[in-house]
Amino acid sequence: FSFLLTSRGEILKIYHDSSEDRNLLSIKRGFADMLGCKLHHKHENLTLHSERSVIDSVNLEENLTLDFKHHDNFNPYQGMRPLPPVSSFTDFDIPHVKAHSKDRLTFTRKRGSTKPTQRPQNITEVITSNIQTPHNARNQHYKDDNINEVIKSSLECMRKEPEKGSHQLSICFKTLVLALERLSINELKNVLDCYLLLPFPKNCSRRADQNHIADALGSLKSEHTVGELSRILIGDKSSERIVDRILTTIAASDIVPSSDLMDVMRKACMNTDTRFTRETRHTYCFALGGFIKNLNQNNNIAEANVNIGYLHDAIGLHDPWAFRMKRSLMSERECIEHDLEKVVLLETLGNAGMYSSFEYIVSHINSTNSQWVKRAGVFALRTFEDEKTLDALHMVAISDEEETVRYEAMLQYQLHPLSLHALNTSTSTAHDVGKRSILEKSLEFKLEAPGVDWRKEIGSKSMGASFGLIMENLLDLKVCK
């Protein structure tokens, strides 16, 4: 690595080997840029040596000012429960930060050379004005010989790190994702086929590599990623373990799915694809809801409405009379399975977050329904920010007969952006009283211990933090004779 330096301290050209590692090349660029900044500065003072005709010294002077200001519309309480904190933000202005530095570079000696200065041989010339890495460097493809080494070294690095995670594990994973993003569509297909379309490996290292490649596939942002996702998810050779891992990764991603990918997701969610177990099918549904939200946010509203319509038909509106009649003919196991399907579909509608689902969700928050279906319906309203949703949450929070449902509704009510005040956060209630007459042989009470909802604020509104905890006491005290 070498560069051409002018008498003013400007670096116009750099020279490096064509096979130079890009990360190492970026580091060298940075060092050269730092030298150029010191030699060529707007506040510089150069002293020229009269006999040697070189720069004898460079005096630099820099001033830095940081002003901490926030936008006028900044809301430090966004998304926070509006209960009174134990300590509020204090009002104080953050002072301006000012720094002043002086540097001096001094010429020490001049060394003679027996050979004339020549441009290095077998190098690639890059012309740049400020030594910055080209913006299209991320889109350049690796050579076939190098890409396998990058992937193997990244996977080996991740295998050596603890399963619970580490900083180095994150670095290696990002390197793996970056390497896969730079591949062409055919190269990516070959890599995925090599690692993912294989039977369950008995070797622990091979299994770990499969998991890491699956996670990386779900994190890719390249244009041809969607097509590869469809191919892996629909492929007969794809194992359920890998499919479930990919679905978990992409469930909360911002990928804009294609029509083919949406067909794959919808068929698996609606139980038309019988290759997978119920748990994997539920994961398909959760990811389907996230994809519908992505379609709606990217103005593909027509396709989003078509797919949300399938979910509306599957869950239907809650009919209390039909629910009681059907429930009376079910066994306990059938009731659990029926409720589980409703919970999954409600969670899917919540992930989609489309206002056309509001009536379907609210209909299932009915007093005749089971408590965990009602809780799932309340949680599905978390993305609805209109006043109609606020009124529905308020009604459930004060009138539902189930304590767990009221508590969930209270939390979602407090998180609603239109909520002006918190509900009474105490969970201490006196209900389910048994015999109260003094003429009976015994008195029997069920007392529920109160819960705790605590929050503290530190710093100021412009620069601070808020933290807290919610503790629900499930201990009940039964008093009887």
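Residues numbered from 1 in each chain as written. Predicted model: local features only at pLDDT ≥ 70, side-chain atom pairs only at ≥ 80, totals over all residues. Heavy atoms only, no water.

Looking at an unreviewed UniProt entry, one finds the protein chain named Vitellogenin domain-containing protein and attributed to Mya arenaria.

Draft legend 1. Region of the structure containing unusual backbone geometry. A positive phi angle, close to 65 degrees, is found at Asn-299, a residue other than glycine. Tracing the backbone shows Asn-299 in the loop between helix H9 (278-297) and helix H10 (301-315). Residue class for Asn-299 comes out exposed when judged on its relative accessible area of 67%. (Helix = DSSP H or I, 4+ residues; strand = E, 2+ residues; numbered from the N terminus. Buried < 20%, exposed > 50% of the residue type's maximum accessible area, 1.4 Å probe, protein only.)

Draft legend 2. Summary view of H9. Between its first and last C-alpha atoms H9 spans 29 Å; for 20 residues at 1.5 Å apiece the expected length is 28 Å, and the two agree. Burial analysis of H9 places 14 of its 20 residues in the buried class, which makes it a mostly covered element. (Expected span 1.5 Å × (residues − 1).)

Draft legend 3. Examining helix H6 (residues 225-234) more closely. Counting buried residues along H6, 7 of its 10 residues qualify, which places the element largely inside the surrounding structure. Of all the positions in H6, only Thr-225, Val-226, Glu-228, Leu-229, Ser-230, Ile-232 and Leu-233 are classed as buried. Here the buried face of H6 lies against helix H4 (185-195), helix H5 (204-219), helix H7 (240-250), helix H8 (259-269) and H9. (Contact = heavy atoms within 4.5 Å.)

Draft legend 4. Structural context of the state of the cysteines. Per the counting criterion, the structure on display carries 2 disulfides. Residue Cys-157 pairs covalently with Cys-172 via a disulfide, S to S 1.7 Å. On the S-S bond that ties Cys-157 to Cys-172, the torsion sits near 50 degrees, and the link is right-handed. Placement of Cys-157 in helix H2 (residues 144-160) and of Cys-172 in helix H3 (residues 167-181) is noted, with a sequence separation of 15 residues between them. An identical accessibility class is assigned to Cys-157 and Cys-172; each is buried. (Disulfide = S-S within 2.5 Å.)

Draft legend 5. Structural view of a nonpolar patch on the surface. Taken together, the side chains of Leu-64, Leu-66, Phe-68, Val-97 and Met-463 make up a nonpolar region of the molecular surface, amounting to roughly 430 Å² of accessible area. Here Met-463 lies in the loop between strand E8 (452-459) and strand E9 (464-471). The exposure class assigned to Met-463 is partly exposed, which follows from its relative accessible area of 45%. (Patch = residues over 30% accessible without salt bridge, like charges linked within 9 Å, V, L, I, M, F, W, Y side chains within 5 Å. Areas by Shrake-Rupley, 256 points an atom, 1.4 Å probe, with all protein chains shown as cover. Salt bridge = Lys/Arg side-chain N within 4 Å of Asp/Glu carboxyl O.)

Draft legend 6. Representation of the packing of aromatic side chains. Taken as a whole, this structure holds 2 aromatic pairs when the rule is applied. Plain terms: the ring middles of Tyr-355 and Phe-384 are 5.2 Å apart, the flat faces sit at 85 degrees to each other, and that makes the pair edge-to-face. Of the two residues, Tyr-355 sits in the loop between helix H12 (332-352) and helix H13 (358-364) while Phe-384 sits in the loop between helix H14 (371-380) and helix H15 (387-399), which places them 29 residues apart along the sequence. Sitting over the face of the ring of Tyr-310, Arg-266 holds its NZ or CZ atom 4.5 Å from the ring centroid. (Phe/Tyr/Trp six-rings, centres within 6.5 Å; stacked < 30°, edge-to-face > 60°. Lys NZ or Arg CZ within 6 Å of the ring centre and 35° of its normal.)

Draft legend 7. Examining the packing of H15 against helix H16 (residues 403-415) more closely. Axis separation between H15 and H16 bottoms out at 7 Å; the angle between their running directions is 145 degrees. Between H15 and H16 lies a crossing whose hand is left-handed. Contacts between H15 and H16 pair Leu-390, Leu-393, His-394, Val-396, Ala-397 and Ile-398 from the former with Val-405, Arg-406, Ala-409, Met-410, Gln-412 and Tyr-413 from the latter. Broken down by class, the residue content of the contact of H15 with H16 amounts to 9 nonpolar, 2 polar and 1 charged. (Axes fitted to C-alpha atoms, helices over the stretch in contact; angles between N-to-C directions. Left-handed = near helix turned anticlockwise from the far one by under 90°. Nonpolar A, V, L, I, M, F, W, Y, C, P; charged D, E, K, R; others polar.)

Draft legend 8. Quick look at the nonpolar core. Judged by nonpolar contacts, the single largest core of 75 residues is most densely connected at Ile-151, Leu-180, Leu-196, Leu-233, Ile-246, Met-265 and Ile-292. In terms of residue count, H9 provides more of this core than any other element does, 7 residues in total. Not counting chain neighbours up to four residues away, the residues in contact with Leu-180 comprise Ile-151, Leu-188, Val-191, Ala-216 and Leu-220. (Core = buried A, V, L, I, M, F, W, Y, C linked by side-chain atoms within 4.5 Å.)

Draft legend 9. Highlighting the environment of Gln-414. Considering the arrangement of structural elements, one finds Gln-414 in helix H16. Sequence separation between Gln-414 and His-394 is 20 residues, and the spatial gap between their C-alpha atoms is 9.6 Å.

Draft legend 10. Spatial organisation of the pattern of salt bridges. Applying the stated criterion to the full structure yields 13 salt bridges. Asp-215 serves as the salt-bridge partner of Arg-245, at 3.0 Å between the closest nitrogen and oxygen. Linking Arg-245 in helix H7 with Asp-215 in helix H5, this pair joins segments that are 30 residues apart in sequence. Of the charged contacts in the structure, one is a salt bridge between Glu-337 and Arg-333, with a shortest N-O distance of 3.5 Å. Here Arg-333 and Glu-337 lie together in helix H12, a separation of 4 residues that amounts to about one turn. Here Arg-333 falls in the exposed class, since its relative accessible area comes to 62%. Here the salt bridges share partners, and the residues they tie into one network are Lys-189, Asp-193, Glu-228 and Arg-231.

Draft legend 11. Examining the packing of H10 against H12 more closely. In the contact formed by H10 and H12, the axes pass within 10 Å of each other and the chain directions differ by 150 degrees. Between H10 and H12, the interaxial angle falls into the category roughly antiparallel. As for how H10 packs across H12, the hand of that crossing is left-handed. In this structure, H10 contributes Ile-308, Leu-311, His-312, Ala-314 and Ile-315 to the contact, and H12 contributes Lys-342, Leu-345, Leu-346, Thr-348, Leu-349 and Ala-352. (Parallel < 35°, antiparallel > 145°, perpendicular 65-115°, else oblique.)

Draft legend 12. Focus on the side chain of Arg-266. Within the fold, Arg-266 resides in helix H8. When near neighbours in sequence (up to four residues on either side) are disregarded, Arg-266 contacts Leu-288, Asn-307 and Tyr-310.

Draft legend 13. Highlighting the environment of His-16. Inspection of the secondary structure assignment puts His-16 in strand E2 (residues 11-16). Taking C-alpha positions, His-16 is 6.6 Å from Ser-2, a pair spaced 14 residues apart along the chain.

Draft legend 14. Fine view of the side chain of Glu-303. In this fold, Glu-303 is placed in helix H10. Salt bridges are absent for the buried Glu-303, whose nearest opposite-charge side chain, Arg-266, sits at 6.6 Å. Separated by 3.3 Å, the side chains of Glu-303 and Ser-259 make a polar contact. Beyond its immediate chain neighbours, meaning those up to four positions away, Glu-303 contacts Ser-258, Ser-259, Met-262 and Leu-295. (Lys, Arg positive; Asp, Glu negative; His and termini not counted. Polar contact = N/O pair within 3.5 Å; in protein donor to acceptor, adjacent residues only side chain to side chain.)

Draft legend 15. Local environment of the confidence of the model for the protein chain. Of all residues in the protein chain, 75% attain a pLDDT of 70 or more, and the chain-wide mean is 77. Counting contacts from residues 124-131, a segment whose pLDDT is below 50, to residues more than four positions away or on other chains yields 24 contacts. Scored below 50 in pLDDT, residues 421-439 makes 39 contacts in the model with residues more than four places away or belonging to other chains. (pLDDT = per-residue confidence, 0-100.)

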